[in-house]
Amino acid sequence: MRSASFVVLAAAAAVSAQTVVNVGAEQASPGGIFQFNPNTITATNNSVVTFVFSGIPGNHSVTQSSFATPCEPLAGGFDSGWIEILKNTTDGTLPTWNLTITNDQTPIWFYCKQLAPMPHCISGMVGVINVKPGANNFTAFQSKAAAASGVGEAQGGLVGIGASASAPPSIPTADVTTFLGVSASATAPGGASGASGASGASGAPSSTGSGKPSGAVSIGFNLNMLVVLGGLLAGGAFVL
Ligand SMILES: [Cu+2]
C-alpha cells in the first residue's frame, strides 16, 4: 500500500511539477525555527514552487534577495510579505504561496525578513532556487547572510526576477490568527487583526515576530487616521 501510494504521489508530483517548501519550523525541529525546508530547490520554467507557512507559531516571509546581499530585498524582487500564525489551525490548513518560475537559468535567492526575536535571515533562514555549480552556492550564501549587518524589510511585489506569483499568499478560512502580507491593507481585517497580533506578540513564543509587521500595519492605519483627523481639525480650526 505504501509503495503504491508513493508511486501515485510521485506521479502526481511529476505531472504538476510542483515543489513544496516549508517556511519556518517548530522549535524542536531539526535545524530549528529559522529555516526553509528544503533550502535548495530545483525548478524548471513554468513549474510552481509552493511555500507552506508551516512554522507555528511563527511569522515569516519569502523575500527575494541576491547572492551579494542575502538579507536585503532585491530591487524588483518578489515578496510574500509577513505571514503570521500564532496558533495551530484546527483543520490543518496553512497559508500557502505559489511562485511560478519564469527564468530557470539564473539562481533565485531569497530570505525571511522577520527581525524578531532575532533576524531570521542572519540566523540562517535563506534559500535558493536553481543554484548553479560554483562558488555562489547555498553554503556561501548562508554564510554571507550570517555575516550581514542588518535585514531589509522593504515590501516587494508579487512579480519578481526569475519567478513571480499571481496572488498573495492564501489565507485559510480558519484559524490563521493574523495575516499580514502583500495586500494586507486590502484583505486583512484591519485594526482588529493588527491589534490581536500585537497583543499576541508580547506573550508569543520566540519565533513569533508579530510585533514588527503587526505594529507597522496597525500603526500606519492609526497614523493615517490621525493625519486625516488632524487635517480635519486643522481645517476646522482654520475656518474658525
Ligand atoms: Cu522567518
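Residues numbered from 1 in each chain as written. Predicted model: local features only at pLDDT ≥ 70, side-chain atom pairs only at ≥ 80, totals over all residues. Heavy atoms only, no water.

### Re the pattern of salt bridges
Working step 1: Applying the stated criterion across every chain yields a total of 1 salt bridge.
Working step 2: Residue Asp79 is joined to Lys113 by a salt bridge in which the shortest nitrogen-to-oxygen separation is 2.8 Å. In this pair, Asp79 is assigned in the loop between strand E6 (63-65) and strand E7 (83-85) and Lys113 in the loop between strand E9 (108-111) and strand E10 (126-129), connecting sequence segments 34 residues apart. Residue Asp79 shares its accessibility class with Lys113, and that shared class is buried. (Salt bridge = Lys/Arg side-chain N within 4 Å of Asp/Glu carboxyl O. Helix = DSSP H or I, 4+ residues; strand = E, 2+ residues; numbered from the N terminus. Buried < 20%, exposed > 50% of the residue type's maximum accessible area, 1.4 Å probe, protein only.)

### Focus: the sheet that holds strand E1 (residues 18-23)
Working step 1: One open sheet accounts for 5 strands, arranged E2-E1-E4-E8-E11; its pairing is mixed. A single partner strand is all that each edge strand has here, and the edge strands are strand E2 (36-37) and strand E11 (163-164).
Working step 2: Taken together, the 6 bridges between E1 and strand E4 (residues 48-53) define a ladder with parallel strand orientation. By the bridge assignment, Gln18 is partnered in E4 with Val48. (Pairing = 2+ DSSP bridges.)

### Focus on the state of the cysteines
Working step 1: Overall, the coordinates contain 1 disulfide when judged by the stated rule.
Working step 2: Cys71 shares a disulfide with Cys121; S-S distance 2.0 Å. On the sign convention where negative is left-handed, the bridge of Cys71 and Cys121, at about -85° about the S-S bond, is left-handed. Highlighted residues: Cys71 in the loop between E6 and E7 and Cys121 in the loop between E9 and E10, separated in sequence by 50 residues. Comparing Cys71 with Cys121, the two get one shared label, buried. (Disulfide = S-S within 2.5 Å.)

### Concerning helix H2 (residues 138-146)
Working step 1: Turning to H2, its buried residues number three or more, namely Phe138, Phe141 and Ala145. Taken around the axis of H2, the buried residues stretch over an arc of 60°, which confines them to a single face.
Working step 2: Taken together, the buried residues of H2 touch strand E3 (40-41), E6, E9 and E10.
Working step 3: Its side-chain oxygen placed 3.2 Å from the backbone nitrogen of Thr139, Asn137 serves as the N-cap of H2. (Arc of directions from axis to C-beta. Contact = heavy atoms within 4.5 Å. Polar contact = N/O pair within 3.5 Å; in protein donor to acceptor, adjacent residues only side chain to side chain.)

### Points about the coordination of the copper ion
Working step 1: Within the protein, the copper ion binds to His60 (ND1), Cys112 (SG), His120 (ND1) and Met125 (SD); these donor distances fall in the range 2.0 to 2.6 Å.
Working step 2: One chain supplies every donor to the copper ion, and in sequence these donors are spaced H-x51-C-x7-H-x4-M. Residue His60 is located in strand E5 (residues 58-60), and its partner Met125 is located in the loop between E9 and E10; the two are separated by 65 residues in the primary sequence.
Working step 3: Taking relative accessible area as the criterion, His60 reaches 1% and is therefore assigned buried. (Donors = N, O, S within 2.8 Å, 3.2 Å for Na, K, Ca; no water.)

### Some words on the sheet that holds E6
Working step 1: Strands sit in the order E3-E10-E9-E6 across an open sheet of 4 strands; the sheet is mixed. Unpaired on one side and paired on the other, E3 and E6 mark the two borders of the sheet.
Working step 2: Bridge count between E3 and E10: 2 bridges; the pairing is parallel. The residue of E10 that forms the bridge with Ile41 is Ile129.
Working step 3: Here H2 sits on the sheet in contact with E3, E6, E9 and E10, set at roughly 145° to E10. (Axes fitted to C-alpha atoms, helices over the stretch in contact; angles between N-to-C directions.)

### A look at the nonpolar core
Working step 1: Counting residues in hydrophobic clusters, the biggest one holds 25 residues, and the most contacted among them are Phe51, Val62 and Ile129.
Working step 2: Listed by contribution, the elements that provide at least two residues to this core are E1, E4, E7, strand E8 (96-101) and E9.
Working step 3: By size, the runner-up hydrophobic cluster in this structure holds 11 residues, among which are Phe67, Val126, Phe141 and Ala145. (Core = buried A, V, L, I, M, F, W, Y, C linked by side-chain atoms within 4.5 Å.)

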